[in-house]
Amino acid sequence: MAEIRALKFEELQLIVDWAGKEGWNPGLNDVESFWNLDPEGFLALCENDKFIGGGAIIRHSDDYGFMGLFIVDEPFRGRKLGTKLWLARRDQLLSRLKPGGTIGLDGVDAMVTFYEKGGFQQYTRHRRFQLTEPSPECKHSETVCDLKTVNFETVLEFDRRCFPASRPQPLSNWIHQLGAISLAVVENETLNGFGVMRPCRVGWKIGPLFADTLHTSDQLFQAFQLQQAGQPIFLDIPDNNPQAIELCRKYQMEEVFGCERMYLGSPPKLDNESIFGITNLETG
């Protein structure tokens, strides 16, 4: 008999391990980072008391939540158990938001029709690009600095332009996570952009990458390349910012994955032209 209940911390580790085997390439600190976002934001799927699947239902604010990290252990797929879990996750997250709140998710192409039947609508495509080796033309701009030295309130204000909710503690934790490289571009005491490159099971992922202009995003991206230490870099970009695609094309990056950002409810009003890389596909 299938049962849905709150997920335990050690089960989140198992979900992330399953995701790693599926090729999702989690970050080395993702379990702790995701859990600290919202310890009540995860549901577990069990059968006969055996844990077989789960997913995130992160409440970022009263008005915005995100569904991600949705996975059922391979031997238990194809029996509609995942459908039961997904519907329970959607309904519970809605109950945790104010009436009229919005839920986001990133859906693989094969699941888009299913999510549409569940009330979600397509918004834009997210594409993952990979850079294997740094460009020999990379230079470190004098305007690039350690993000941790920038006034955090200024960083938080910039972040809020590009993310649907204010997230002071999660953003601080993300910037300061173990092994991450966090950079900013500051010119004439003005923050023009920032990004975080976190270590993953394979290489690095950059996210977020928020910048006022293509030039600023390029300054940050070149600085990250100079610190990639021979490992590949992955960047998840939104199609509704053509300049993000231009950045990837400049370095002849390879597209290795794609999914659809979808919303249940009104899409958040964001500064899309400043989003050169989303934070992550698992929690938004």
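Now for a description of the structure that goes with this document.

Procedures and definitions
- Residues numbered from 1 in each chain as written.
- Predicted model: local features only at pLDDT ≥ 70, side-chain atom pairs only at ≥ 80, totals over all residues.
- Heavy atoms only, no water.
- Helix = DSSP H or I, 4+ residues; strand = E, 2+ residues; numbered from the N terminus.
- Rg over C-alpha atoms; globule rule 2.2 N^0.38 Å.
- Contact = heavy atoms within 4.5 Å.
- Areas by Shrake-Rupley, 256 points an atom, 1.4 Å probe, with all protein chains shown as cover.
- Lys, Arg positive; Asp, Glu negative; His and termini not counted.
- Charge placed at Lys NZ, Arg CZ, Asp CG, Glu CD.
- Phe/Tyr/Trp six-rings, centres within 6.5 Å; stacked < 30°, edge-to-face > 60°.
- Buried < 20%, exposed > 50% of the residue type's maximum accessible area, 1.4 Å probe, protein only.
- Lys NZ or Arg CZ within 6 Å of the ring centre and 35° of its normal.
- Core = buried A, V, L, I, M, F, W, Y, C linked by side-chain atoms within 4.5 Å.
- Axes fitted to C-alpha atoms, helices over the stretch in contact; angles between N-to-C directions.
- Parallel < 35°, antiparallel > 145°, perpendicular 65-115°, else oblique.
- Left-handed = near helix turned anticlockwise from the far one by under 90°.
- Nonpolar A, V, L, I, M, F, W, Y, C, P; charged D, E, K, R; others polar.
- Pairing = 2+ DSSP bridges.

1. Quick notes on the overall build of the chain
The secondary structure content of the chain amounts to 8 helices and 13 strands. Against the compact-globule benchmark of 19 Å for 284 residues, the chain has a radius of gyration of 19 Å, which places it among compact chains. Counting contacts in the chain only where the partners sit at least 6 residues apart, residues at least 24 apart contribute 73% of the total. Carbon and sulfur atoms make up 49% of the accessible area of the chain, which amounts to about 13000 Å² in all. Averaging the locations of the 29 positively and 39 negatively charged side chains of the chain gives two centres separated by 6 Å.

2. Overview of the packing of aromatic side chains
A full pass over the atoms with the stated rule returns 12 aromatic pairs. For the ring pair W18 and F51, a centre distance of 5.5 Å and an interplane angle of 10 degrees mean the geometry is stacked. A residue pair is termed long-range when its members are at least 10 positions apart, and W18 in helix α1 (residues 9–21) and F51 in strand β3 (residues 50–59) qualify at 33 residues. Each member of the pair, W18 as well as F51, carries the same accessibility label: buried. On the numbers, 5.7 Å between centres and 10 degrees between planes, the contact of W35 with F42 is stacked. Taken individually, W35 and F42 each receive the classification buried, so the pair is uniform in this respect. One aromatic cluster is present, built from ring pairs that chain together W86, F114, Y115 and F120. The positively charged end of R161 is found above the aromatic ring belonging to F158, 4.2 Å away from the centroid. The aromatic ring of F163 is capped on one face by R167, whose charged end is 3.7 Å from the ring centroid.

3. What about the nonpolar core?
Core analysis: the largest hydrophobic core is formed by 35 residues, its most contacted members being L7, L12, F42, V155 and F194. Counting residues per element, the ones that place at least two in this core are α1, α2 (30–37), β2 (42–47), β3, β4 (64–72), α5 (152–162), α6 (168–175) and β9 (190–199). Counting residues in each nonpolar core, the second largest holds 26 residues, with L131, V144, M197 and L209 among its members.

4. Re the environment of I278
With respect to the helices and strands, I278 occurs in the segment after β13 (275–277). For I278, a relative accessible area of 8% puts it in the buried group. When the C-alpha atoms of I278 and P208 are compared, they prove to be 4.8 Å apart, with 70 residues separating the residues in sequence. Those residues within four positions of I278 in sequence are excluded, and the remaining contacts are D106, H126, I206, G207, P208, D236 and R261.

5. Topic: the packing of α1 against α2
As a packed pair, α1 and α2 sit with axes 10 Å apart at the nearest point and diverge in direction by 130 degrees. The angle between the axes of α1 and α2 places the two elements in the oblique class. Once α1 is placed against α2, the crossing between them reads as right-handed. Counted together, F9, L12, Q13 and V16 of α1 and V31, E32, F34 and W35 of α2 form the full contact between these two elements. Residues belonging to the contact of α1 with α2 are distributed by class as follows: 6 nonpolar, 1 polar and 1 charged.

6. Considerations on the packing of helix α7 (residues 214–225) against helix α8 (residues 242–250)
Relative orientation of the contacting elements α7 and α8 amounts to 40 degrees, with a least axis distance of 10 Å. Regarding the angle of α7 to α8, the classification is oblique. When you trace α7 past α8, the crossing you get is right-handed. Contact residues: L214, S217, D218, F221 and Q222 in α7; Q243, E246, L247 and K250 in α8. Residue composition of the contact of α7 with α8, by class: 3 nonpolar, 3 polar and 3 charged.

7. Some thoughts on the pairing of β3
Burial analysis of β3 places 8 of its 10 residues in the buried class, which makes it a mostly covered element. Two strands pair when backbone bridges link them, and β2 and β3 are joined in this way by 6 bridges, in the antiparallel orientation. For L43, the partnering residue across the bridge sits in β3 and is G55. Between the end of β2 and the start of β3, which pair antiparallel, lie 2 residues, with N48 showing a positive phi angle near 50 degrees. Sheet topology places β3 next to β4; 6 bridges connect them, and they run antiparallel. Bridge pairing in β4 places R59 opposite G65. What sits between the antiparallel neighbours β3 and β4 is a turn of 4 residues.

The values are spatial; any link to function lies outside them.
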